[in-house]
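For reference, the chains in residue letters:
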Amino acid sequence: MSGKTFYIETFGCQMNAHDSEKVIGTLMDRGYSQVERPEDAGLVLYNTCSIRDKAEQKVFHRLQQFQRAAGKGKLFAVLGCVAQQEGEKIFDRAPHVGLVAGSASYTRLGEMLGRLESGERRVTGLSLVTDETFDTPFTRRDNPHRAYITIIEGCDKSCAYCVVPFTRGPERSRASHSVMAETRRLAGQGYSEIQLLGQNVNSYRDPSHARWDFATLLGRVAEIPGICRVRYTTSHPRDFGKDIVDAMDAHATICDHVHLPVQSGSTRVLAAMDRLYTREDYDQRIAWLKNARRRYSITTDIIVGFPGETESDFEETLDLLDAVEYDSLFSFKYSPRPNTSALSLGDRIPEEEKQRRLAILQEKQRAIQIRRNAELIGSVREVLVEGRNQALEQWIGRTSDNRTLNFAGAGANGPSLLGKYVSVRVTRSGPNSLVGESVTVV
Ligand code: SAM
Ligand code: SF4
(Lines give C-alpha, C1' and ligand atoms only; values in the text may rest on other atoms or scores of the structure.)
(Ligands and ions follow the chains in the order given, each with its own letter.)
Protein backbone atom coordinates (compact mmCIF):
# COMPACT_ATOMS: atom_id res chain seq x y z
CA MET A 1 0.00 0.00 0.00
CA SER A 2 1.37 3.46 -0.93
CA GLY A 3 1.49 4.96 2.58
CA LYS A 4 -1.83 4.89 4.33
CA THR A 5 -3.93 6.84 1.87
CA PHE A 6 -7.51 6.34 0.77
CA TYR A 7 -9.93 7.67 -1.81
CA ILE A 8 -13.68 7.30 -1.35
CA GLU A 9 -16.53 7.89 -3.81
CA THR A 10 -20.11 7.96 -2.55
CA PHE A 11 -23.22 7.21 -4.57
CA GLY A 12 -26.88 7.68 -3.65
CA CYS A 13 -28.79 9.18 -0.75
CA GLN A 14 -28.01 11.35 2.27
CA MET A 15 -27.81 8.21 4.43
CA ASN A 16 -24.91 7.05 2.26
CA ALA A 17 -23.30 10.49 2.36
CA HIS A 18 -23.40 10.42 6.14
CA ASP A 19 -22.23 6.78 6.33
CA SER A 20 -19.21 7.88 4.29
CA GLU A 21 -18.50 10.66 6.81
CA LYS A 22 -18.36 7.98 9.52
CA VAL A 23 -16.24 5.63 7.37
CA ILE A 24 -13.80 8.50 6.66
CA GLY A 25 -13.59 9.25 10.40
CA THR A 26 -12.88 5.57 11.13
CA LEU A 27 -10.14 5.43 8.47
CA MET A 28 -8.50 8.62 9.75
CA ASP A 29 -8.52 7.23 13.26
CA ARG A 30 -6.56 4.28 11.88
CA GLY A 31 -3.89 6.62 10.50
CA TYR A 32 -5.09 6.95 6.91
CA SER A 33 -5.16 10.26 5.06
CA GLN A 34 -7.67 11.11 2.36
CA VAL A 35 -6.59 11.91 -1.22
CA GLU A 36 -8.56 13.52 -4.03
CA ARG A 37 -7.83 11.04 -6.85
CA PRO A 38 -8.10 7.24 -6.88
CA GLU A 39 -4.75 7.09 -8.72
CA ASP A 40 -3.00 8.47 -5.61
CA ALA A 41 -4.67 6.15 -3.07
CA GLY A 42 -3.50 2.88 -1.52
CA LEU A 43 -7.09 2.01 -0.65
CA VAL A 44 -10.02 2.88 -2.93
CA LEU A 45 -13.53 2.64 -1.48
CA TYR A 46 -16.87 2.87 -3.25
CA ASN A 47 -19.89 3.46 -1.03
CA THR A 48 -22.62 2.23 -3.34
CA CYS A 49 -26.34 2.60 -4.05
CA SER A 50 -28.61 -0.02 -5.61
CA ILE A 51 -31.97 1.75 -5.42
CA ARG A 52 -32.21 1.77 -9.23
CA ASP A 53 -30.37 -0.27 -11.84
CA LYS A 54 -28.39 2.70 -13.20
CA ALA A 55 -26.91 3.52 -9.80
CA GLU A 56 -25.77 -0.09 -9.41
CA GLN A 57 -24.06 -0.24 -12.82
CA LYS A 58 -21.90 2.80 -12.02
CA VAL A 59 -19.77 1.03 -9.44
CA PHE A 60 -18.90 -1.86 -11.76
CA HIS A 61 -17.76 0.62 -14.41
CA ARG A 62 -15.52 2.28 -11.84
CA LEU A 63 -14.06 -1.05 -10.73
CA GLN A 64 -13.27 -2.04 -14.34
CA GLN A 65 -11.40 1.22 -14.90
CA PHE A 66 -8.94 0.33 -12.15
CA GLN A 67 -8.61 -3.42 -12.64
CA ARG A 68 -4.97 -3.17 -13.82
CA ALA A 69 -3.92 -0.96 -10.91
CA ALA A 70 -4.83 -3.74 -8.50
CA GLY A 71 -1.68 -5.73 -9.37
CA LYS A 72 0.40 -2.79 -8.11
CA GLY A 73 -0.71 -3.20 -4.52
CA LYS A 74 -3.79 -0.99 -4.60
CA LEU A 75 -6.66 -2.29 -2.46
CA PHE A 76 -10.35 -1.94 -3.35
CA ALA A 77 -13.41 -2.01 -1.09
CA VAL A 78 -17.08 -2.06 -2.06
CA LEU A 79 -19.35 -0.79 0.71
CA GLY A 80 -23.08 -0.08 1.04
CA CYS A 81 -26.12 -1.37 -0.79
CA VAL A 82 -24.53 -3.04 -3.85
CA ALA A 83 -22.09 -4.80 -1.49
CA GLN A 84 -24.96 -6.15 0.60
CA GLN A 85 -27.05 -7.09 -2.43
CA GLU A 86 -24.35 -8.79 -4.52
CA GLY A 87 -22.23 -10.12 -1.63
CA GLU A 88 -19.37 -12.48 -2.54
CA LYS A 89 -20.43 -12.43 -6.21
CA ILE A 90 -18.52 -9.12 -6.38
CA PHE A 91 -15.24 -11.06 -5.92
CA ASP A 92 -16.09 -13.11 -9.06
CA ARG A 93 -17.02 -10.07 -11.12
CA ALA A 94 -14.15 -7.90 -9.86
CA PRO A 95 -11.43 -10.20 -8.42
CA HIS A 96 -9.27 -7.23 -7.37
CA VAL A 97 -11.81 -6.25 -4.67
CA GLY A 98 -10.58 -7.14 -1.17
CA LEU A 99 -13.43 -5.97 1.08
CA VAL A 100 -17.19 -6.23 0.58
CA ALA A 101 -19.32 -4.84 3.43
CA GLY A 102 -22.92 -3.69 3.84
CA SER A 103 -23.92 -0.84 6.14
CA ALA A 104 -25.26 -3.17 8.86
CA SER A 105 -21.64 -4.36 9.37
CA TYR A 106 -19.96 -0.97 9.72
CA THR A 107 -19.68 -1.34 13.49
CA ARG A 108 -17.00 -3.96 12.63
CA LEU A 109 -15.29 -1.75 10.04
CA GLY A 110 -12.13 -1.22 12.12
CA GLU A 111 -11.66 -4.98 12.57
CA MET A 112 -12.34 -5.67 8.85
CA LEU A 113 -9.81 -3.00 7.82
CA GLY A 114 -7.26 -4.59 10.15
CA ARG A 115 -7.67 -7.95 8.37
CA LEU A 116 -7.38 -6.28 4.96
CA GLU A 117 -4.21 -4.45 6.06
CA SER A 118 -2.65 -7.68 7.29
CA GLY A 119 -2.98 -9.25 3.86
CA GLU A 120 -6.28 -11.13 3.96
CA ARG A 121 -7.64 -11.15 0.40
CA ARG A 122 -11.40 -11.53 0.69
CA VAL A 123 -12.86 -9.85 3.76
CA THR A 124 -16.65 -9.64 4.05
CA GLY A 125 -19.21 -8.01 6.34
CA LEU A 126 -22.58 -9.17 5.06
CA SER A 127 -24.66 -10.18 8.06
CA LEU A 128 -27.97 -8.33 8.43
CA VAL A 129 -28.61 -9.80 11.87
CA THR A 130 -27.96 -6.82 14.11
CA ASP A 131 -29.68 -4.54 16.56
CA GLU A 132 -26.79 -2.07 16.54
CA THR A 133 -26.58 1.36 14.96
CA PHE A 134 -23.27 2.72 13.62
CA ASP A 135 -22.49 5.35 16.26
CA THR A 136 -18.92 6.51 16.16
CA PRO A 137 -17.07 9.43 17.75
CA PHE A 138 -14.85 9.62 14.62
CA THR A 139 -17.38 11.12 12.15
CA ARG A 140 -15.60 13.43 9.70
CA ARG A 141 -18.28 15.96 8.68
CA ASP A 142 -18.02 17.64 5.27
CA ASN A 143 -20.04 20.74 6.05
CA PRO A 144 -18.93 23.04 8.94
CA HIS A 145 -22.44 24.42 9.59
CA ARG A 146 -24.96 21.63 8.89
CA ALA A 147 -24.57 18.20 10.45
CA TYR A 148 -26.37 14.94 9.69
CA ILE A 149 -27.31 12.74 12.62
CA THR A 150 -28.65 9.22 12.00
CA ILE A 151 -31.51 8.41 14.39
CA ILE A 152 -32.78 5.19 12.81
CA GLU A 153 -31.18 2.67 10.45
CA GLY A 154 -32.68 -0.04 8.21
CA CYS A 155 -36.35 -0.46 7.30
CA ASP A 156 -39.09 -2.87 8.37
CA LYS A 157 -41.55 -1.91 5.62
CA SER A 158 -41.75 -4.05 2.50
CA CYS A 159 -42.67 -1.74 -0.36
CA ALA A 160 -42.95 -4.00 -3.39
CA TYR A 161 -40.37 -2.11 -5.49
CA CYS A 162 -37.69 -1.39 -2.87
CA VAL A 163 -34.32 -3.03 -2.10
CA VAL A 164 -33.65 -1.09 1.10
CA PRO A 165 -34.98 -3.73 3.55
CA PHE A 166 -32.63 -6.23 1.83
CA THR A 167 -29.60 -3.94 1.75
CA ARG A 168 -29.84 -2.03 5.03
CA GLY A 169 -31.38 -4.65 7.28
CA PRO A 170 -34.02 -4.41 9.99
CA GLU A 171 -35.11 -1.14 11.58
CA ARG A 172 -33.10 -0.13 14.66
CA SER A 173 -33.31 3.19 16.48
CA ARG A 174 -30.56 5.02 18.32
CA ALA A 175 -31.08 5.89 22.01
CA SER A 176 -32.48 9.40 22.49
CA HIS A 177 -29.77 10.35 25.04
CA SER A 178 -27.11 9.51 22.43
CA VAL A 179 -28.84 11.69 19.78
CA MET A 180 -29.18 14.54 22.29
CA ALA A 181 -25.56 14.27 23.42
CA GLU A 182 -24.29 14.35 19.82
CA THR A 183 -26.48 17.37 19.00
CA ARG A 184 -25.23 19.27 22.08
CA ARG A 185 -21.62 18.45 21.18
CA LEU A 186 -22.20 19.67 17.60
CA ALA A 187 -23.87 22.87 18.81
CA GLY A 188 -20.79 23.45 21.01
CA GLN A 189 -18.59 23.05 17.92
CA GLY A 190 -20.55 25.75 16.06
CA TYR A 191 -22.96 23.69 13.96
CA SER A 192 -26.27 25.53 13.80
CA GLU A 193 -28.28 23.22 11.53
CA ILE A 194 -29.04 19.58 12.30
CA GLN A 195 -30.60 17.10 9.90
CA LEU A 196 -32.06 13.98 11.49
CA LEU A 197 -31.72 11.03 9.12
CA GLY A 198 -33.36 7.65 8.57
CA GLN A 199 -35.15 5.71 5.82
CA ASN A 200 -38.30 6.25 7.82
CA VAL A 201 -37.69 8.67 10.70
CA ASN A 202 -41.35 8.61 11.82
CA SER A 203 -41.10 5.01 12.99
CA TYR A 204 -38.35 6.01 15.45
CA ARG A 205 -38.74 4.07 18.70
CA ASP A 206 -36.36 5.08 21.47
CA PRO A 207 -34.67 1.92 22.81
CA SER A 208 -33.74 3.69 26.09
CA HIS A 209 -36.05 3.85 29.11
CA ALA A 210 -37.12 7.39 28.08
CA ARG A 211 -39.18 5.79 25.25
CA TRP A 212 -39.49 8.99 23.19
CA ASP A 213 -41.38 8.83 19.92
CA PHE A 214 -40.20 10.79 16.87
CA ALA A 215 -42.27 13.93 17.56
CA THR A 216 -40.82 14.16 21.10
CA LEU A 217 -37.24 13.66 19.89
CA LEU A 218 -37.74 16.28 17.16
CA GLY A 219 -39.05 18.83 19.68
CA ARG A 220 -36.25 18.18 22.18
CA VAL A 221 -33.50 18.45 19.57
CA ALA A 222 -35.08 21.73 18.41
CA GLU A 223 -34.76 23.14 21.97
CA ILE A 224 -30.99 22.63 22.28
CA PRO A 225 -29.26 26.02 22.68
CA GLY A 226 -27.25 27.04 19.61
CA ILE A 227 -29.36 24.99 17.19
CA CYS A 228 -31.14 27.37 14.78
CA ARG A 229 -32.49 24.87 12.25
CA VAL A 230 -33.63 21.24 12.45
CA ARG A 231 -34.56 19.22 9.37
CA TYR A 232 -35.56 15.58 9.10
CA THR A 233 -35.83 13.09 6.29
CA THR A 234 -37.45 10.76 5.19
CA SER A 235 -41.03 10.49 6.38
CA HIS A 236 -43.28 7.54 5.52
CA PRO A 237 -46.89 8.79 5.17
CA ARG A 238 -48.30 5.85 7.12
CA ASP A 239 -46.30 6.79 10.25
CA PHE A 240 -46.59 10.56 9.80
CA GLY A 241 -48.86 11.54 12.70
CA LYS A 242 -50.48 14.86 13.55
CA ASP A 243 -48.14 15.03 16.59
CA ILE A 244 -45.26 15.74 14.19
CA VAL A 245 -47.08 18.76 12.70
CA ASP A 246 -47.85 19.93 16.27
CA ALA A 247 -44.15 19.64 17.21
CA MET A 248 -43.25 21.70 14.13
CA ASP A 249 -45.84 24.35 14.95
CA ALA A 250 -44.50 24.57 18.50
CA HIS A 251 -40.82 24.99 17.57
CA ALA A 252 -39.76 27.79 15.23
CA THR A 253 -36.33 26.12 14.90
CA ILE A 254 -37.86 23.14 13.06
CA CYS A 255 -37.59 24.06 9.38
CA ASP A 256 -40.67 24.90 7.29
CA HIS A 257 -40.30 21.82 5.11
CA VAL A 258 -41.67 18.28 5.02
CA HIS A 259 -40.57 15.62 2.53
CA LEU A 260 -43.47 13.19 2.32
CA PRO A 261 -42.91 10.63 -0.46
CA VAL A 262 -46.24 9.57 -1.97
CA GLN A 263 -45.02 7.39 -4.90
CA SER A 264 -48.46 7.40 -6.62
CA GLY A 265 -51.77 9.28 -6.45
CA SER A 266 -53.79 6.11 -7.09
CA THR A 267 -55.00 3.99 -4.17
CA ARG A 268 -54.97 0.96 -6.48
CA VAL A 269 -51.26 1.43 -7.29
CA LEU A 270 -50.42 2.25 -3.65
CA ALA A 271 -51.98 -1.10 -2.66
CA ALA A 272 -49.98 -2.93 -5.35
CA MET A 273 -46.86 -1.18 -4.02
CA ASP A 274 -47.68 -2.31 -0.43
CA ARG A 275 -47.40 1.28 0.78
CA LEU A 276 -49.90 0.73 3.63
CA TYR A 277 -51.89 3.95 3.04
CA THR A 278 -54.56 5.12 0.62
CA ARG A 279 -54.83 8.33 -1.37
CA GLU A 280 -57.36 9.55 1.25
CA ASP A 281 -54.90 8.85 4.11
CA TYR A 282 -52.28 10.85 2.24
CA ASP A 283 -54.71 13.71 1.52
CA GLN A 284 -55.41 13.89 5.25
CA ARG A 285 -51.69 14.35 6.06
CA ILE A 286 -51.50 17.11 3.44
CA ALA A 287 -54.55 18.80 5.03
CA TRP A 288 -52.82 18.79 8.45
CA LEU A 289 -49.85 20.53 6.89
CA LYS A 290 -51.90 23.04 4.90
CA ASN A 291 -53.98 23.93 7.99
CA ALA A 292 -50.95 24.27 10.27
CA ARG A 293 -49.90 27.49 11.96
CA ARG A 294 -46.97 28.07 9.62
CA ARG A 295 -46.75 27.67 5.85
CA TYR A 296 -44.75 24.50 5.20
CA SER A 297 -43.21 23.61 1.89
CA ILE A 298 -44.04 20.05 0.88
CA THR A 299 -41.91 17.87 -1.39
CA THR A 300 -42.31 14.26 -2.50
CA ASP A 301 -41.01 11.25 -4.46
CA ILE A 302 -43.01 9.70 -7.30
CA ILE A 303 -42.49 6.50 -9.27
CA VAL A 304 -44.10 6.29 -12.72
CA GLY A 305 -44.72 3.08 -14.65
CA PHE A 306 -45.07 0.69 -11.71
CA PRO A 307 -46.39 -2.66 -13.10
CA GLY A 308 -50.11 -2.37 -13.84
CA GLU A 309 -50.24 1.46 -13.64
CA THR A 310 -53.00 2.45 -16.08
CA GLU A 311 -53.44 5.78 -17.82
CA SER A 312 -56.19 6.59 -15.34
CA ASP A 313 -53.93 5.72 -12.34
CA PHE A 314 -51.32 8.04 -13.80
CA GLU A 315 -53.91 10.81 -14.18
CA GLU A 316 -54.69 10.46 -10.47
CA THR A 317 -51.02 11.20 -9.79
CA LEU A 318 -51.24 14.28 -12.03
CA ASP A 319 -54.36 15.36 -10.10
CA LEU A 320 -52.44 15.01 -6.86
CA LEU A 321 -49.78 17.40 -8.18
CA ASP A 322 -52.49 20.00 -8.88
CA ALA A 323 -54.10 19.48 -5.48
CA VAL A 324 -50.94 19.65 -3.35
CA GLU A 325 -48.82 22.00 -5.48
CA TYR A 326 -45.54 20.49 -4.31
CA ASP A 327 -42.62 22.85 -3.95
CA SER A 328 -40.35 20.25 -5.52
CA LEU A 329 -40.35 16.55 -6.30
CA PHE A 330 -38.04 13.67 -7.21
CA SER A 331 -39.53 11.53 -9.96
CA PHE A 332 -38.34 8.13 -11.14
CA LYS A 333 -39.22 5.51 -13.73
CA TYR A 334 -39.91 2.21 -12.00
CA SER A 335 -36.75 0.08 -12.02
CA PRO A 336 -37.14 -3.66 -11.28
CA ARG A 337 -34.84 -4.63 -8.39
CA PRO A 338 -33.52 -8.00 -7.21
CA ASN A 339 -35.37 -9.78 -4.37
CA THR A 340 -38.36 -7.39 -4.43
CA SER A 341 -41.92 -8.70 -4.60
CA ALA A 342 -42.86 -6.48 -7.57
CA LEU A 343 -40.68 -8.70 -9.77
CA SER A 344 -43.49 -11.28 -9.82
CA LEU A 345 -46.11 -8.74 -10.98
CA GLY A 346 -47.24 -8.95 -14.59
CA ASP A 347 -48.26 -6.06 -16.80
CA ARG A 348 -44.90 -4.39 -17.12
CA ILE A 349 -45.02 -0.91 -18.62
CA PRO A 350 -42.79 -0.47 -21.70
CA GLU A 351 -39.76 1.79 -21.25
CA GLU A 352 -41.00 4.38 -23.80
CA GLU A 353 -44.32 4.66 -21.98
CA LYS A 354 -42.53 5.16 -18.63
CA GLN A 355 -40.44 7.86 -20.28
CA ARG A 356 -43.56 9.54 -21.70
CA ARG A 357 -45.27 9.61 -18.28
CA LEU A 358 -42.12 10.89 -16.60
CA ALA A 359 -41.84 13.76 -19.10
CA ILE A 360 -45.51 14.75 -18.64
CA LEU A 361 -45.16 14.65 -14.85
CA GLN A 362 -41.96 16.69 -14.83
CA GLU A 363 -43.40 19.30 -17.22
CA LYS A 364 -46.46 19.75 -15.00
CA GLN A 365 -44.32 20.06 -11.89
CA ARG A 366 -42.02 22.58 -13.57
CA ALA A 367 -45.00 24.83 -14.32
CA ILE A 368 -46.14 24.56 -10.67
CA GLN A 369 -42.66 25.47 -9.38
CA ILE A 370 -42.37 28.45 -11.77
CA ARG A 371 -45.70 29.76 -10.49
CA ARG A 372 -45.05 29.13 -6.79
CA ASN A 373 -41.55 30.56 -6.82
CA ALA A 374 -42.74 33.70 -8.68
CA GLU A 375 -45.20 34.34 -5.81
CA LEU A 376 -42.20 34.84 -3.51
CA ILE A 377 -40.79 37.84 -5.41
CA GLY A 378 -40.73 40.85 -3.08
CA SER A 379 -40.75 38.81 0.14
CA VAL A 380 -37.83 38.77 2.61
CA ARG A 381 -36.52 35.34 3.59
CA GLU A 382 -33.82 34.26 5.99
CA VAL A 383 -31.10 32.07 4.46
CA LEU A 384 -28.21 30.11 5.88
CA VAL A 385 -25.25 30.91 3.61
CA GLU A 386 -23.84 27.60 2.38
CA GLY A 387 -21.44 28.56 -0.40
CA ARG A 388 -20.18 31.06 -2.91
CA ASN A 389 -20.56 31.01 -6.70
CA GLN A 390 -17.43 32.86 -7.81
CA ALA A 391 -18.42 32.98 -11.48
CA LEU A 392 -21.74 34.69 -10.73
CA GLU A 393 -20.31 36.58 -7.73
CA GLN A 394 -23.19 35.36 -5.61
CA TRP A 395 -23.55 33.81 -2.19
CA ILE A 396 -25.52 30.54 -2.16
CA GLY A 397 -28.19 30.47 0.55
CA ARG A 398 -30.86 28.03 1.67
CA THR A 399 -34.18 29.08 3.15
CA SER A 400 -35.89 27.28 6.02
CA ASP A 401 -38.38 25.86 3.50
CA ASN A 402 -35.46 24.33 1.57
CA ARG A 403 -35.27 26.68 -1.40
CA THR A 404 -31.99 27.82 -2.89
CA LEU A 405 -31.85 31.63 -2.70
CA ASN A 406 -28.67 33.17 -4.13
CA PHE A 407 -27.70 36.79 -3.65
CA ALA A 408 -25.03 39.35 -4.40
CA GLY A 409 -24.86 42.28 -1.99
CA ALA A 410 -23.08 43.18 1.22
CA GLY A 411 -20.09 41.07 2.06
CA ALA A 412 -19.50 39.67 -1.41
CA ASN A 413 -16.11 41.36 -1.55
CA GLY A 414 -15.62 41.73 2.19
CA PRO A 415 -15.72 39.25 5.05
CA SER A 416 -17.05 35.77 4.41
CA LEU A 417 -20.75 35.19 5.01
CA LEU A 418 -20.38 31.39 5.06
CA GLY A 419 -22.39 29.89 7.91
CA LYS A 420 -24.15 33.20 8.63
CA TYR A 421 -27.90 33.78 8.61
CA VAL A 422 -28.83 36.62 6.24
CA SER A 423 -32.18 38.25 5.42
CA VAL A 424 -32.58 38.40 1.65
CA ARG A 425 -35.23 40.12 -0.47
CA VAL A 426 -36.31 37.92 -3.40
CA THR A 427 -35.98 39.79 -6.70
CA ARG A 428 -36.12 37.02 -9.33
CA SER A 429 -37.34 33.45 -9.54
CA GLY A 430 -36.89 30.36 -11.70
CA PRO A 431 -38.28 26.82 -11.50
CA ASN A 432 -35.54 25.58 -9.17
CA SER A 433 -34.14 28.60 -7.34
CA LEU A 434 -34.55 32.22 -6.34
CA VAL A 435 -32.25 35.24 -6.63
CA GLY A 436 -32.27 38.23 -4.31
CA GLU A 437 -30.37 40.98 -2.52
CA SER A 438 -29.25 40.92 1.09
CA VAL A 439 -31.01 43.08 3.64
CA THR A 440 -29.22 42.23 6.91
CA VAL A 441 -26.90 39.67 8.43
CA VAL A 442 -28.75 38.11 11.38
N1 SAM B 1 -37.83 5.44 2.72
C2 SAM B 1 -38.27 6.35 1.74
C3 SAM B 1 -39.79 6.22 1.58
O4 SAM B 1 -40.39 5.32 2.07
O5 SAM B 1 -40.34 7.05 0.89
C6 SAM B 1 -37.64 6.16 0.39
C7 SAM B 1 -36.24 5.76 0.28
S8 SAM B 1 -35.66 5.50 -1.37
C9 SAM B 1 -33.95 5.60 -1.01
C10 SAM B 1 -35.92 7.01 -2.24
C11 SAM B 1 -36.88 6.94 -3.39
O12 SAM B 1 -36.39 6.10 -4.42
C13 SAM B 1 -38.25 6.34 -3.08
O14 SAM B 1 -39.09 7.23 -2.41
C15 SAM B 1 -38.76 5.98 -4.43
O16 SAM B 1 -39.46 7.04 -5.03
C17 SAM B 1 -37.48 5.70 -5.23
N18 SAM B 1 -37.35 4.27 -5.52
C19 SAM B 1 -37.12 3.28 -4.65
N20 SAM B 1 -37.09 2.08 -5.29
C21 SAM B 1 -37.31 2.35 -6.60
C22 SAM B 1 -37.41 1.54 -7.77
N23 SAM B 1 -37.29 0.23 -7.70
N24 SAM B 1 -37.65 2.15 -8.95
C25 SAM B 1 -37.79 3.50 -9.03
N26 SAM B 1 -37.70 4.31 -7.96
C27 SAM B 1 -37.46 3.75 -6.75
FE1 SF4 C 1 -38.01 1.33 0.77
FE2 SF4 C 1 -40.55 1.45 1.54
FE3 SF4 C 1 -38.60 1.17 3.37
FE4 SF4 C 1 -38.90 3.48 2.07
S5 SF4 C 1 -40.37 2.54 3.48
S6 SF4 C 1 -36.98 2.38 2.45
S7 SF4 C 1 -39.52 2.83 0.06
S8 SF4 C 1 -39.18 -0.32 1.80
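Above this text is the structure in question.
From a predicted model like this one, the values you see are computed outputs, not experimental measurements.

J.: Is there a simple way to think about the sheet that holds strand S12 (residues 257–259) in this case?
T.: Pairing between the strands of a sheet comes from backbone hydrogen bonds, and it takes one of two forms, parallel or antiparallel. The strand order across the open sheet formed by three strands is S12-S13-S14, and the pairing between neighbours is parallel. One side of each edge strand has no neighbouring strand; the edge strands of this open sheet are S12 and strand S14 (328–333). This sheet shows a mean twist of 10° between the axes of neighbouring strands, independent of strand direction. Sheet topology note: the S12/strand S13 (residues 297–304) ladder contains three bridges and is parallel. Across the sheet, the residue bridging to His 259 is Thr 299, located in S13. Across the sheet, helix H13 (residues 351–374) touches S13 and S14, and the angle it forms with S14 is around 175°.

J.: Would you mind showing me how to read the packing of helix H7 (residues 176–188) against helix H8 (residues 214–222) here?
T.: When two helices pack together, their arrangement is given by the angle between their axes and by how far apart the axes lie. Where H7 contacts H8, the two axes come as close as 10 Å, and the packing angle between them is 25°. On the basis of the axis angle, H7 is roughly parallel to H8. H8 is crossed by H7, and the crossing has right-handed handedness. Contact with H7, carried on its side by Ser 176, Val 179, Met 180 and Thr 183, involves Leu 217, Arg 220 and Val 221 of H8 and no other residues of that element. Taken together, the residues of the contact of H7 with H8 break down into four nonpolar, two polar and one charged.

J.: Could you clarify how one ought to interpret the site of ligand 1 in this entry?
T.: By nearness alone, 16 residues border ligand 1, and Tyr 161, Gln 199, Gln 263, Asp 301 and Ser 335 come closest of all. With respect to ligand 1, the side chain of Arg 52 contributes an N or O atom lying 3.3 Å from an oxygen atom. For ligand 1, a nitrogen atom lies 3.0 Å from a polar atom in the backbone of Tyr 161. Taken together, the elements giving at least two residues each to the shell around ligand 1 come down to S13 and S14. Grouping the constituent residues of the shell around ligand 1 by class yields six nonpolar, five polar and five charged.

J.: In this structure, what is going on with the side chain of Arg 141? I would like to understand it.
T.: With respect to the helices, strands and loops of the structure, Arg 141 is situated in the loop between strand S6 (123–125) and strand S7 (146–150). For Arg 141, a relative accessible area of 16% translates into the label buried. From its side chain, Arg 141 meets the backbone oxygen of Tyr 148 in a polar contact 2.7 Å long. A polar atom in the side chain of Arg 141 sits 2.8 Å from the side chain of Glu 182.

J.: Can you help me understand the site of ligand 2 in this one?
T.: Around ligand 2 lies a shell formed by Cys 155, Lys 157, Cys 159, Tyr 161, Cys 162, Val 164, Pro 165, Gln 199, His 236 and Arg 275. The residue makeup of the shell around ligand 2, split by class, is six nonpolar, two polar and two charged.

J.: Could you clarify how one ought to interpret the environment of Ala 160 in this entry?
T.: Turning to its location among the elements, Ala 160 is positioned in the loop between strand S8 (152–153) and helix H6 (164–167). For the pair Ala 160 and Ala 101, spaced 59 residues apart in the sequence, the C-alpha separation amounts to 25 Å. Residues contacting Ala 160, with those up to four places away along its chain left out, are Ala 272, Met 273, Asp 274, Phe 306, Thr 340, Ser 341 and Ala 342.

J.: Mind showing me how you'd approach the packing of helix H12 (residues 311–324) against H13 here?
T.: Running from amino to carboxyl end, H12 crosses H13 at an angle of 15°, the nearest separation of the two axes being 10 Å. With respect to each other, H12 and H13 are oriented roughly parallel. The handedness of the crossing between H12 and H13 is right-handed. Where H12 approaches H13, its residues Glu 311, Phe 314, Thr 317, Leu 318, Leu 321 and Asp 322 are matched on the opposing element by Glu 353, Arg 356, Arg 357, Ile 360, Leu 361, Lys 364, Gln 365 and Ile 368. Its residues assigned to classes, the contact of H12 with H13 shows six nonpolar, two polar and six charged.

J.: Help me out: how do you make sense of helix H1 (residues 14–29) in this one?
T.: Since one α-helical turn is 3.6 residues long, residues separated by three or four positions face the same way. Taking 1.5 Å of rise per residue, the 16 residues of H1 would be expected to cover 22 Å, and the 23 Å separating its terminal C-alpha atoms lies within 8% of that figure. Across the 16 residues of H1, 12 count as buried, placing the element largely inside the fold. Those residues of H1 that fall on the buried side of the exposure criterion are Met 15, Asn 16, His 18, Asp 19, Ser 20, Glu 21, Lys 22, Val 23, Ile 24, Gly 25, Thr 26 and Leu 27. Count one or two residues on from H1 and you reach Gly 31, which has phi positive near 95°.

Reading guide: rules and limits
Residues numbered from 1 in each chain as written. Chains lettered and ligands numbered in written order. Predicted model: local features only at pLDDT ≥ 70, side-chain atom pairs only at ≥ 80, totals over all residues. Heavy atoms only, no water. Pairing = 2+ DSSP bridges. Helix = DSSP H or I, 4+ residues; strand = E, 2+ residues; numbered from the N terminus. Axes fitted to C-alpha atoms, helices over the stretch in contact; angles between N-to-C directions. Contact = heavy atoms within 4.5 Å. Parallel < 35°, antiparallel > 145°, perpendicular 65-115°, else oblique. Left-handed = near helix turned anticlockwise from the far one by under 90°. Nonpolar A, V, L, I, M, F, W, Y, C, P; charged D, E, K, R; others polar. Near = heavy atom within 4 Å. Polar contact = N/O pair within 3.5 Å; in protein donor to acceptor, adjacent residues only side chain to side chain. Buried < 20%, exposed > 50% of the residue type's maximum accessible area, 1.4 Å probe, protein only. Expected span 1.5 Å × (residues − 1).

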